[in-house]
Amino acid sequence: EMEDGQVVLEKEGVSEHTHPYHFKAEYDSTPPGNTLYIRNLRERVGPSRMRQLLYAVFSKFGTLIDVVMLKTKKMRGQAFVCFAELANAVRAKEELDGFSFLNRTLVIQFARTQSYALHKVQ
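Notes on the structure in this doc start here. All chains use their own residue numbering, which begins from 1 and follows the written sequence. The predicted nature of this model means local features are confined to residues of pLDDT at least 70 and side-chain atom pairs, given and counted, to a pLDDT of 80 or more, with totals for whole chains, interfaces and linings taken over all residues. With hydrogens and water excluded, all non-hydrogen atoms of the structure serve as input to the side-chain values.

1. Observations concerning helix 1 (residues 47-58)
Along its twelve residues, helix 1 runs 16 Å from first to last C-alpha, staying within 8% of the 16 Å computed at 1.5 Å per residue. Turning to helix 1, its buried residues are Met50, Leu53, Leu54, Val57 and Phe58. Projected down its long axis, helix 1 shows its buried positions confined to an angular sector of 120 degrees, all on one face. Residue contacts are defined here by distance: any two heavy atoms, one from each residue, within 4.5 Å place the two residues in contact. Where helices and strands are cited, they refer to DSSP runs of H or I of at least four residues and of E of at least two residues respectively, numbered from the N terminus. Turning to helix 1, the residues buried within the fold contact strand 1 (35-39), strand 2 (64-69), strand 3 (79-83), helix 2 (86-96), strand 4 (100-101) and strand 6 (107-110). Expected helix span is given by 1.5 Å per residue-to-residue step, counting one fewer step than there are residues. For the exposure calls, accessible area comes from a 1.4 Å probe over protein chains only, and a residue counts as buried if that area is under 20% of its type's maximum, exposed if over 50%, partly exposed in between. By definition, the arc is the one covered by directions from the helix axis to the C-beta atoms.

What follows is the structure in C-alpha coordinates.
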(Lines give C-alpha, C1' and ligand atoms only; values in the text may rest on other atoms or scores of the structure.)
Protein backbone atom coordinates (compact mmCIF):
# COMPACT_ATOMS: atom_id res chain seq x y z
CA GLU A 1 0.00 0.00 0.00
CA MET A 2 1.27 3.47 -0.83
CA GLU A 3 1.57 5.87 2.06
CA ASP A 4 0.35 9.36 1.33
CA GLY A 5 3.23 11.53 0.23
CA GLN A 6 5.53 8.57 -0.46
CA VAL A 7 7.62 9.11 -3.55
CA VAL A 8 7.85 6.30 -6.07
CA LEU A 9 11.46 5.60 -6.97
CA GLU A 10 12.05 5.47 -10.66
CA LYS A 11 15.41 4.72 -12.24
CA GLU A 12 17.36 7.81 -11.21
CA GLY A 13 19.36 8.11 -8.00
CA VAL A 14 19.12 11.22 -5.84
CA SER A 15 17.01 13.49 -7.97
CA GLU A 16 14.21 15.93 -7.62
CA HIS A 17 11.82 12.98 -7.79
CA THR A 18 13.37 10.97 -4.97
CA HIS A 19 14.24 13.98 -2.80
CA PRO A 20 12.06 16.83 -4.01
CA TYR A 21 12.60 18.88 -0.87
CA HIS A 22 16.37 19.15 -1.45
CA PHE A 23 15.45 21.46 -4.32
CA LYS A 24 12.97 23.59 -2.44
CA ALA A 25 14.92 26.16 -0.44
CA GLU A 26 15.75 28.48 -3.31
CA TYR A 27 12.05 28.97 -3.98
CA ASP A 28 10.78 29.53 -0.47
CA SER A 29 11.84 33.17 -0.57
CA THR A 30 9.57 33.90 -3.54
CA PRO A 31 6.70 36.20 -2.49
CA PRO A 32 3.14 34.92 -2.90
CA GLY A 33 1.57 35.39 -6.30
CA ASN A 34 -1.43 34.16 -8.27
CA THR A 35 0.64 31.60 -10.18
CA LEU A 36 1.86 28.35 -8.65
CA TYR A 37 4.85 26.48 -10.02
CA ILE A 38 4.22 22.72 -9.72
CA ARG A 39 7.02 20.17 -9.95
CA ASN A 40 7.56 16.44 -9.65
CA LEU A 41 4.55 15.52 -11.80
CA ARG A 42 4.46 12.05 -13.29
CA GLU A 43 6.13 12.40 -16.69
CA ARG A 44 4.52 9.31 -18.20
CA VAL A 45 1.10 10.97 -18.09
CA GLY A 46 0.63 12.92 -21.34
CA PRO A 47 0.47 16.73 -21.08
CA SER A 48 -3.18 17.12 -22.09
CA ARG A 49 -4.32 14.45 -19.62
CA MET A 50 -2.13 15.91 -16.86
CA ARG A 51 -3.54 19.35 -17.58
CA GLN A 52 -7.09 17.98 -17.07
CA LEU A 53 -6.08 16.29 -13.81
CA LEU A 54 -4.42 19.44 -12.49
CA TYR A 55 -7.46 21.48 -13.47
CA ALA A 56 -9.69 19.09 -11.53
CA VAL A 57 -7.52 19.20 -8.39
CA PHE A 58 -6.66 22.91 -8.30
CA SER A 59 -10.03 24.32 -9.40
CA LYS A 60 -11.48 23.11 -6.08
CA PHE A 61 -9.65 26.05 -4.51
CA GLY A 62 -11.00 28.74 -6.83
CA THR A 63 -11.26 29.99 -10.38
CA LEU A 64 -8.29 29.11 -12.57
CA ILE A 65 -7.17 31.40 -15.36
CA ASP A 66 -4.91 28.79 -16.93
CA VAL A 67 -2.92 25.59 -16.44
CA VAL A 68 0.27 25.55 -18.50
CA MET A 69 2.18 22.30 -18.98
CA LEU A 70 5.89 22.67 -19.66
CA LYS A 71 6.69 20.38 -22.55
CA THR A 72 10.40 20.78 -23.26
CA LYS A 73 12.52 17.83 -22.22
CA LYS A 74 14.23 19.73 -19.42
CA MET A 75 10.92 21.05 -18.06
CA ARG A 76 8.79 17.90 -18.26
CA GLY A 77 6.95 17.01 -15.09
CA GLN A 78 6.35 20.69 -14.36
CA ALA A 79 3.44 23.04 -14.77
CA PHE A 80 2.14 26.48 -13.89
CA VAL A 81 -1.33 26.89 -12.38
CA CYS A 82 -2.64 30.43 -12.46
CA PHE A 83 -5.48 31.48 -10.13
CA ALA A 84 -7.74 34.48 -10.58
CA GLU A 85 -7.46 35.30 -6.84
CA LEU A 86 -4.25 35.45 -4.81
CA ALA A 87 -5.92 34.06 -1.67
CA ASN A 88 -6.96 30.91 -3.55
CA ALA A 89 -3.42 30.34 -4.83
CA VAL A 90 -2.09 30.68 -1.27
CA ARG A 91 -4.62 28.18 0.08
CA ALA A 92 -4.02 25.67 -2.73
CA LYS A 93 -0.27 25.81 -2.07
CA GLU A 94 -0.74 25.31 1.67
CA GLU A 95 -3.05 22.33 1.19
CA LEU A 96 -1.42 20.58 -1.76
CA ASP A 97 2.33 21.09 -1.29
CA GLY A 98 3.71 17.69 -0.29
CA PHE A 99 0.44 15.97 -1.22
CA SER A 100 0.63 12.58 -2.97
CA PHE A 101 -0.69 12.92 -6.53
CA LEU A 102 -0.43 9.92 -8.88
CA ASN A 103 2.08 8.44 -6.39
CA ARG A 104 4.38 11.44 -6.65
CA THR A 105 4.90 14.07 -3.97
CA LEU A 106 3.73 17.41 -5.36
CA VAL A 107 6.25 20.20 -4.91
CA ILE A 108 4.52 23.57 -5.15
CA GLN A 109 5.99 27.03 -4.99
CA PHE A 110 4.91 30.46 -6.05
CA ALA A 111 6.17 31.18 -9.56
CA ARG A 112 8.99 33.69 -9.71
CA THR A 113 7.38 35.52 -12.58
CA GLN A 114 3.67 36.01 -12.89
CA SER A 115 2.09 33.88 -15.55
CA TYR A 116 1.58 35.27 -19.00
CA ALA A 117 -2.04 34.18 -18.52
CA LEU A 118 -2.50 36.81 -15.84
CA HIS A 119 -1.19 39.51 -18.19
CA LYS A 120 -3.82 38.52 -20.73
CA VAL A 121 -6.51 39.24 -18.15
CA GLN A 122 -5.11 42.44 -16.66
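2. Focus on unusual backbone geometry
A positive phi is found at Leu102, a non-glycine position, where the angle reads about 55 degrees. As for its placement among the helices and strands, Leu102 is situated in the loop between strand 4 and strand 5 (104-105). For Leu102, a relative accessible area of 33% puts it in the partly exposed group. Of note, the phi angle at Asn103 is positive, near 60 degrees, even though the residue is not glycine. Structurally, the position occupied by Asn103 is in the loop between strand 4 and strand 5. Assessed through its relative accessible area of 31%, Asn103 is described here as partly exposed.

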